[in-house]
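Residue strings, one per chain:
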Number of protein chains: 2
Amino acid sequence: LRALHDAWSGWLVVLLVGLSAGTCAGIIDIVTKWLSDVKLGVCPEKFWLNKESCCWNSETVTPSGSNCTKWLAWSDVFGMSAQNAQGVYAVNYVMYIVVAVILATFAGLLVKVFAPYACGSGIPEVKTILSGFIIRGYLGKWTLLIKSLAAPLSVAANLSLGKEGPLVHIAACCGNIFSYLFPKYGKNEAKKREVLSAAAAAGVSVAFGAPVGGVLFSLEEVSYYFPMKTLWRSFFCALTAAFVLRSMNPYGNSHLVMFYVKYNKPWFLFELVPFALVGVLGGLYGAAFIHANLRWCKFRSTSKLGKYPILEVLVLTIITAAASYPNPFTKVDASAMIAELVQECTPVSKLTDPNLCDYEELPVNQTYSVSHGHQLAPVGEGLRTAIWQLAVALIFKAVITVFTFGVKLPTGLFIPSMGVGAIMGRLIGIGMEQLVYAYPDCVLWASSCSTNTIRESCVTPGLYAMVGAAAALGGVTRMTVSLVVIMFELTGGLQYIVPLMAAAMFSKWAGDAFGNEGIYDGHIRLNGYPFLDNKEEFTHTTLATDVMMPRRGDPPLKVVLQENMTVGDLEHLVKTTTYNGFPVITSQDSYRLLGYIYRRDLMVALENARHHSENVLSNSKAYFTLHAPTLSTSGVNEPAPVRLFNVVDLSPITVTDHTPMEIVVEIFTKLGIRQALVTHNGRLLGIITKKDVLRHIARLNKQDPDSIMFN
Amino acid sequence: LRALHDAWSGWLVVLLVGLSAGTCAGIIDIVTKWLSDVKLGVCPEKFWLNKESCCWNSETVTPSGSNCTKWLAWSDVFGMSAQNAQGVYAVNYVMYIVVAVILATFAGLLVKVFAPYACGSGIPEVKTILSGFIIRGYLGKWTLLIKSLAAPLSVAANLSLGKEGPLVHIAACCGNIFSYLFPKYGKNEAKKREVLSAAAAAGVSVAFGAPVGGVLFSLEEVSYYFPMKTLWRSFFCALTAAFVLRSMNPYGNSHLVMFYVKYNKPWFLFELVPFALVGVLGGLYGAAFIHANLRWCKFRSTSKLGKYPILEVLVLTIITAAASYPNPFTKVDASAMIAELVQECTPVSKLTDPNLCDYEELPVNQTYSVSHGHQLAPVGEGLRTAIWQLAVALIFKAVITVFTFGVKLPTGLFIPSMGVGAIMGRLIGIGMEQLVYAYPDCVLWASSCSTNTIRESCVTPGLYAMVGAAAALGGVTRMTVSLVVIMFELTGGLQYIVPLMAAAMFSKWAGDAFGNEGIYDGHIRLNGYPFLDNKEEFTHTTLATDVMMPRRGDPPLKVVLQENMTVGDLEHLVKTTTYNGFPVITSQDSYRLLGYIYRRDLMVALENARHHSENVLSNSKAYFTLHAPTLSTSGVNEPAPVRLFNVVDLSPITVTDHTPMEIVVEIFTKLGIRQALVTHNGRLLGIITKKDVLRHIARLNKQDPDSIMFN
């Protein structure tokens with residue numbers, strides 16, 4: 001029965017995590033939708049409704065021109081006449097900025113006052129925690145609550161940030177909290193990390209409605225060590241979360257995914273060239289972004305700027321809102337913009353912005369089939385406007401995101417990156433289309449784009465936007481398989497997996513050429529978390545002896561002798577050092593290694609010994625042998641010997657001094673250990689800790705080894 | 001430039017593997033199609049065409065009733081009159097068996113004469129090879145060629161086997177062959193295994209047209225150690241292979257996948273109960289199959305039966321062909337049957353067997369929409385026949401597969417398992433539908449299946465067949481995530497992922513309750529391959545000292561002394577033992593460990609020494625120290641000392657005698673080592689090899705430890 005409970009508790013905990021992550025995501029989505037619309041106006045009858053719900057079943061037109069009487073724009077609320085067009089615009093503009101500032105300030109205060117850990121995307125920290133480092137309170141219930149509140153506020157303030165990254169952090173918080181309900185998971189850090197891996201998968205699953213992609217994201221990007229058993233449970237967790245979210249139906253359609261598109265047209269082989277170009281540009285953008293963002297974050301933490309986080313948020317919000325409002329593509333939130341950009345232009349396509357499909361109409365002989373795409377035609381007046389707006393939006397988004405990622409708000413990076421990529425992709429797609437129009441007989445596409453009477457366009461700019469989104473996201477995060485699978489789950493067609501793959505590959509190559517770390521690894525390094533990358537290959541030829549402590553000339557290694565040490569010696573050793581443990585050797589002469597004793601265990605054992613017997617004095621002898629001499633009965637005043645054999649770890653991991661560091665790094669990453677003892681011919685020589693390894697790698701990579709350390 | 005070449009060679013090799021695997025799969029598919037139809041007749045004008053290609057653009061009717069004059073059934077070839085119905089049937093029946101026997105015998109002879117390794121599915125062996133064991137010639141070009149020939153022959157002979165498993169082996173052969181083109185991969189076993197992992201992914205990718213599923217299959221089921229870098233390359237390899245296959249277009253449609261279905265109707269929550277039931281039945285079938293098949297294979301290898309493989313194939317073919325022909329579901333090959341069973345019944349559905357959708361027609365008020373499913377109605381006459389035929393086919397397939405998997409032919413297990421599951425699922429689906437018809441007001445489904453005027457059926461038996469296929473495959477192979485993803489890629493709808501997941505979960509639970517190893521692990525154990533499972537957790541509390549050699553009472557460990565041994569001593573040691581290496585210790589007294597010397601290295605070094613200098617005699621002293629005494633110049637006849645320091649591995653992995661076996665097993669699986677040395681306080685105590693670990697686990701699991709060993 002207990003084994004059964006044991007087996008079931010694993011499934012139960014991931015079920016609970018999935019349910020809670022799905023619920024959180026659903027609530028966040030709904031709140032975000034409502035708050036986003038508050039920038040534009042209110043629903044006076046039922047203020048808790050957003051524009052879409054408010055205008056349900058309403059067809060008449062308000063003074064300000066929107067086709068719904070129940071929803072009032074801010075100018076209507078203030079009783080402005082529609083004739084005063086400039087005044088209406090000004091009032092709405094100002095209210096947009098004012099509401100955005102209120103929302104952002106409120107989010108900033110929440111984070112600053114209640115849960116400082118709720119800022120950022122959280123993915124670098126979750127990654128570090130999964131590698132074995134402990135950050136107390138980072139996954140606590142306060143972080144969960146505040147992040148869940150602040151994320152919709154920040155997104156609704158129209159800052160260039162997303163709630164997808166924070167959802168991973170929120171799901172991880174759920175995982176952490178629920179794992180305490182089950183002693184098997186709450187009390188074992190390794191087991192708890194299994195739950196956290198599953199939770200990270202659920203986070204991405206609900207963020208994009210992509211359960212398979214979520215599991216692969218957790219596997220590839222977040223998790224450090226992923227046993228197969230965990231994979232299956234993570235998948236269950238991700239699917240549960242996605243299912244709950246779908247039942248809540250925040251996107252208002254039956255599709256699980258965020259940007260569901262179904263293209264009517266296939267892609268052609270010649271298009272792989274522009275797709276690769278999009279990929280390279282995405283990669284270059286990613287590399288530039290990482291570089292610029294890391295420099296700005298470094299500047300923030302070293303200058304006075306870091307002391308006024310709320311002010312920074314305020315200024316950023318004002319600039320973003322003021323610059324966003326005039327442009328129809330940046331006025332709406334970024335995910336709505338992406339959803340629009342990835343659409344195809346068909347005679348029945350329902351785009352909010354009709355300019356995007358405004359091509360000149362050419363005379364055709366046949367009537368147009370609904371199932372077809374649009375005609376291959378020159379750019380119309382509306383589209384020309386849209387192109388300008390997109391170009392401005394591209395530059396603005398690309399720049400402002402650098403300054404936004406890292407402020408003291410929950411800041412996800414998925415949607416902003418995808419937004420920049422989607423704009424870039426759409427622009428290149430339109431360009432490609434015009435190229436095909438201008439040179440219809442070019443040998444590259446003449447056979448694919450047959451010039452029939454309809455002259456249907458063989459280029460789908462929406463697909464380019466999708467590919468561009470993948471490329472930019474790939475460039476920033478350096479995701480690979482999970483990126484392709486997430487995007488493939490979004491489009492829902494196996495067919496488009498090849499363009500996505502091509503873009504992801506070129507993006508990664510181009511990005512890696514200018515610095516081979518993703519934004520998350522960059523922030524891990526910037527924050528100095530002790531994270532030993534398990535993806536990088538260690539290619540240097542150094543040996544364990546080059547890395548171990550003590551270095552030549554250092555004072556000798558602090559060790560504990562099996563016999564011949566007194567309680568006082570040990571207490572002095574603990575007091576005068578900060579190491580987290582000490583090797584135990586047989587004798588000062590032989591230096592044969594017996595085991596390793598953790599500082600904590602030693603301290604507790606010494607305290608206990610003092611506490612239990614009054615005869616334990618500073619000059620009591622401490623024995624780390626199996627058979628210590630029994631307490632001599634001769635004199636009560638004689639110091640009693642202390643037996644400490646059972647607190648020694650008798651199976652420390654050892655390596656020889658000649659072991660190549662390549663193998664040492666492999667042992668550290670795969671076994672997840674924090675220190676290894678170095679021996680030579682059975683003699684203890686020194687010790688290598690995880691920090692020594694990190695410092696060594698930093699030195700080899702010509703980075704400052706001391707900047708790496710967190711504490 | 002060299003670094004660039006280095007980086008590119010990795011991509012180039014997987015590209016080549018993908019291209020070749022895709023090409024092999026395409027050719028195999030085409031050949032299989034043609035050979036399968038030869039059982040039924042020929043295309044006299046162009047004998048190399050199969051029925052479908054032959055009948056292209058033909059509409060008239062032959063004497064035997066098929067609607068194509070260009071294709072002749074065997075009875076037509078022999079000039080039988082269509083009036084003699086019994087005679088026609090008999091001739092076609094006999095020719096079916098004769099052609100099947102010829103094909104199977106030819107396949108059997110090919111395997112027996114040219115490449116014995118081409119038999120079986122190959123997955124257990126590929127798995128073992130990826131865990132670090134070397135089976136010479138198993139992935140050679142002969143195996144590739146013969147398996148590629150024999151697989152279509154065996155499938156065409158209508159034996160209960162598939163070509164999907166063999167495709168994994170074939171792809172792995174491609175991987176092995178191409179890796180020799182690049183020294184970086186050909187000369188490094190670990191690097192080669194990365195290519196093999198990618199190749200396995202490509203194999204499944206082309207088998208099912210499921211690139212993502214293929215990668216996950218390789219990750220979950222086949223590969224032992226899967227670094228993230230490999231994941232991305234594997235994905236590229238799998239996608240390339242799928243793309244090549246699609247360009248060859250063997251299925252004659254634009255979909256990549258094997259059983260592409262798109263259901264018009266959603267599933268309802270109440271259906272999770274029957275889905276779970278299907279899952280449990282699939283799991284039980286899997287457990288029973290594994291048990292029965294392993295017993296039969298054991299019987300085959302221990303009895304005389306194993307000596308007549310061709311005869312066995314012959315008998316099996318005759319029985320299978322004779323029993324298959326009368327039943328329309330078993331007459332066609334299994335993948336065609338599955339493709340039919342997973343279809344929906346709609347007014348426009350094109351099923352080869354119209355019986356399957358023959359419901360009684362009930363009067364309806366409205367005309368039927370094409371997009372809808374069929375009417376909820378009682379079983380008609382035709383469907384009643386089909387149910388009987390399906391039931392017979394189910395029993396026959398379930399039984400014959402037990403005897404088929406393991407004969408000396410390329411025998412895949414995916415399609416037969418899925419076939420059994422699909423029949424079972426379809427039957428349960430029809431039953432469920434009739435249950436809904438009989439009790440329309442049951443509270444479980446009353447709300448979901450609204451009794452409107454059309455009374456459209458809310459149960460899709462085709463979906464049950466799909467779920468059943470997943471359940472049975474899951475029960476046999478114990479795949480989890482990869483199973484769901486493969487099936488999900490087949491159906492092409494994220495919507496059906498929940499039923500598939502439910503079935504896979506219940507199938508695995510039910511299966512694990514009756515023996516927790518999949519068929520591949522079972523065959524690995526049966527064949528005694530030294531495979532240390534990295535998925536099983538080691539839960540016992542034994543220590544390294546309980547496992548190491550020498551045991552108490554054994555002769556002492558054979559060691560090499562750092563000094564004081566002569567060349568003759570070493571040669572004697574190598575001659576009288578079969579160990580693959582020896583620990584090197586400083587002296588007989590201290591037993592301090594210096595390193596480890598591999599038998600092969602030692603032999604080569606001794607031979608070289610003898611070869612290069614005549615003064616190296618049996619009584620030459622061998623030095624394993626950094627500074628050996630230089631050659632004394634006093635006398636030429638004096639035996640010259642031999643320096644062997646540079647062939648010693650100075651960084652052997654060591655564990656202490658108190659290390660729990662749990663950690664030792666972790667070290668073995670994660671670091672992929674073959675032996676670890678056991679020390680106590682720096683003194684060498686013994687050695688643990690991978691085989692010792694396997695023997696120990698077998699003993700703890702109450703299995704015969706000696707049956708485990710391959711050699």
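Basis of the calculations
Residues numbered from 1 in each chain as written. Chains lettered and ligands numbered in written order. Predicted model: local features only at pLDDT ≥ 70, side-chain atom pairs only at ≥ 80, totals over all residues. Heavy atoms only, no water. Helix = DSSP H or I, 4+ residues; strand = E, 2+ residues; numbered from the N terminus. Buried < 20%, exposed > 50% of the residue type's maximum accessible area, 1.4 Å probe, protein only. Contact = heavy atoms within 4.5 Å. Areas by Shrake-Rupley, 256 points an atom, 1.4 Å probe, with all protein chains shown as cover. Core = buried A, V, L, I, M, F, W, Y, C linked by side-chain atoms within 4.5 Å. Least-squares fit on C-alpha atoms with pLDDT ≥ 70 in both. Patch = residues over 30% accessible without salt bridge, like charges linked within 9 Å, V, L, I, M, F, W, Y side chains within 5 Å. Salt bridge = Lys/Arg side-chain N within 4 Å of Asp/Glu carboxyl O. Phe/Tyr/Trp six-rings, centres within 6.5 Å; stacked < 30°, edge-to-face > 60°. Pairing = 2+ DSSP bridges. Lys, Arg positive; Asp, Glu negative; His and termini not counted. Expected span 1.5 Å × (residues − 1). Arc of directions from axis to C-beta. Buried area = accessible area lost by both parts, 1.4 Å probe. Polar contact = N/O pair within 3.5 Å; in protein donor to acceptor, adjacent residues only side chain to side chain. Bend = angle between axes of the 7 residues up to and from the residue.

**A closer look at the overall build of chain A**
- Across its full length, chain A carries 26 helices and 11 strands.
- Across the 711 residues in chain A, those meeting the buried criterion constitute 58%.
- When contacts within chain A are restricted to residue pairs at least 6 apart in sequence, those whose partners lie at least 24 apart make up 72%.
- For chain A, the accessible surface area stands at approximately 29800 Å², while carbon and sulfur atoms represent 60% of it.

**Remarks on the nonpolar core**
- In terms of nonpolar packing, the biggest core is built from 305 residues, with Val 212 and Phe 235 of chain A together with Val 212 and Phe 235 of chain B touching the most fellow members.
- Sequence-distant contacts of Phe 235 of chain A, that is, excluding residues within four places in its chain, are made with Pro 211, Val 212 and Val 215 of chain A together with Val 481, Val 484, Val 485, Ile 497 and Met 501 of chain B.

**Considering the relation of the copies chain A and chain B**
- Note on the identical chains: chain A maps onto chain B by a rotation of 180° and an axial translation of 0.0 Å, with an RMSD of 0.3 Å. Here the two chains are linked by the operation of a two-fold rotation axis. Taking the C-alpha atom as reference, chain A places Gly 682 of chain A closest to the rotation axis, 2.2 Å from it.
- When the interface residues of chain A are mapped onto chain B, 100% of them again fall at the interface, so both copies present the same face.

**Observations regarding a nonpolar patch on the surface**
- Side chains of Leu 109, Val 113, Phe 114, Trp 142, Leu 145 and Leu 149 of chain A sit close together on the surface and give an oily, nonpolar patch of about 600 Å² of accessible area.
- Here Leu 109 of chain A lies in helix α4 (residues 85–114).

**Here's the deal with unusual backbone geometry**
- Backbone torsion omega between Met 549 of chain A and Pro 550 of chain A reads 0°, so that peptide bond is classified as cis.
- Within the secondary structure, Pro 550 of chain A is located in the loop between α22 (544–547) and β3 (560–561).
- For Asn 158 of chain B, which is not glycine, the phi torsion reads 65° and is therefore positive.
- Tracing the backbone shows Asn 158 of chain B in the loop between α6 (141–156) and α7 (164–179).
- Judged by its relative accessible area of 6%, Asn 158 of chain B is buried.

**Details of the packing of aromatic side chains**
- A complete count under the given rule lists 48 aromatic pairs over all chains for this structure.
- An angle of 50° between the planes, with centres 5.1 Å apart, marks the rings of Trp 8 of chain A and Trp 509 of chain B as tilted. Here Trp 8 of chain A is found in helix α1 (residues 2–38), whereas its partner Trp 509 of chain B is found in helix α20 (residues 497–513) on a different chain.
- Judged by its relative accessible area of 44%, Trp 8 of chain A falls in the partly exposed class.
- One aromatic cluster in this structure is built from Trp 8, Trp 11, Trp 232, Phe 235 and Phe 236 of chain A together with Phe 506 and Trp 509 of chain B.

**Things to note about the pairing of strand β10 (residues 675–680) of chain B**
All names here are of chain B.
- The buried count for β10 comes to five of six residues, which makes it a mostly enclosed element.
- Pairing of strand β9 (residues 654–656) with β10, which is carried by three bridges, proceeds in the parallel orientation. Looking at β10, one finds that Thr 654 is bridged to Leu 677.
- Across six bridges, the pairing between β10 and strand β11 (residues 683–689) is antiparallel. The partner of His 680 across the bridge, within β11, is Arg 683.
- Between β10 and β11, which pair antiparallel and follow one another directly, the connecting turn spans two residues, one of which, Asn 681, has a positive phi of 50°.

**Re the sheet that holds strand β8 (residues 642–643) of chain A**
Residue and element names in this part refer to chain A.
- Taken in spatial order, the three strands line up as β4-β7-β8 in an open sheet, and their pairing is mixed. On the outer flanks of this sheet lie β4 (565–566) and β8, each paired with one strand and no other.
- Direction of pairing for β4 relative to strand β7 (residues 621–623): antiparallel, over a ladder of two bridges. Counterpart to Met 565 in the pairing with β7 is Ala 622.

**Here's the deal with the side chain of Arg 426 of chain A**
Residues and elements named next belong to chain A.
- Note on placement: Arg 426 falls in helix α17 (residues 414–438).
- Salt bridges are absent for the buried Arg 426, whose nearest opposite-charge side chain, Glu 433, sits at 7.0 Å.
- Arg 426 has contacts with Glu 340, Leu 341, Val 342, Gln 343, Cys 345, Leu 356, Cys 357, Leu 390, Pro 461, Gly 462, Tyr 464 and Ala 465, leaving out every residue within four places of it along the chain.

**Things to note about helix α13 (residues 309–324) of chain B**
All names here are of chain B.
- For α13, with 16 residues, the first-to-last C-alpha span of 22 Å sits near the 22 Å given by 1.5 Å per residue.
- Buried residues of α13: Pro 309, Ile 310, Glu 312, Val 313, Leu 316, Thr 317, Thr 320, Ala 321 and Ser 324, and no others. End-on view of α13: buried residues confined to an arc of 150°, all on one side of the axis.

**A closer look at the interface of chain A and chain B**
- Residue-level contacts link 61 residues of chain A with 61 residues of chain B.
- Between chain A and chain B, roughly 5500 Å² of surface is buried when both sides are summed, and carbon and sulfur atoms account for 75% of that area.
- Counting the surface chain A buries against chain B, the share from its top three residues, Trp 232, Arg 592 and Asn 681 of chain A, is 13%.
- Counting every contact that joins chain A to chain B gives zero salt bridges.
- On inspection of chain A and its partner chain B, the count reaches eight residue pairs in polar contact (both at pLDDT 80 or more).
- Among the secondary structure elements, those contributing two or more residues to the side of chain A that touches chain B are α1, α10 (211–222), α11 (228–248), α19 (481–491), α20 (497–513), β6 (593–598), β9 (654–656) and α25 (661–671) of chain A.
- The element that contributes the greatest number of residues to the side of chain A that touches chain B is α11 of chain A, accounting for nine residues.

**Thoughts on the pattern of salt bridges**
- Taken as a whole and assessed by the stated rule, the structure comprises 26 salt bridges over all chains.
- The salt bridge involving Glu 164 of chain B is made with Lys 163 of chain B; its shortest N-O contact spans 3.5 Å. We note that Glu 164 of chain B, like Lys 163 of chain B, is buried.
- A network of salt bridges, in which partner residues are shared, links Asp 29, Lys 163 and Glu 164 of chain A.

**Brief notes about α1 of chain A**
- Taking 1.5 Å per residue, 37 residues should reach 54 Å; α1 of chain A reaches 53 Å between its end C-alpha atoms and fits that length.
- Along α1 of chain A, the largest kink reaches about 25° and is centred on Trp 8 of chain A.

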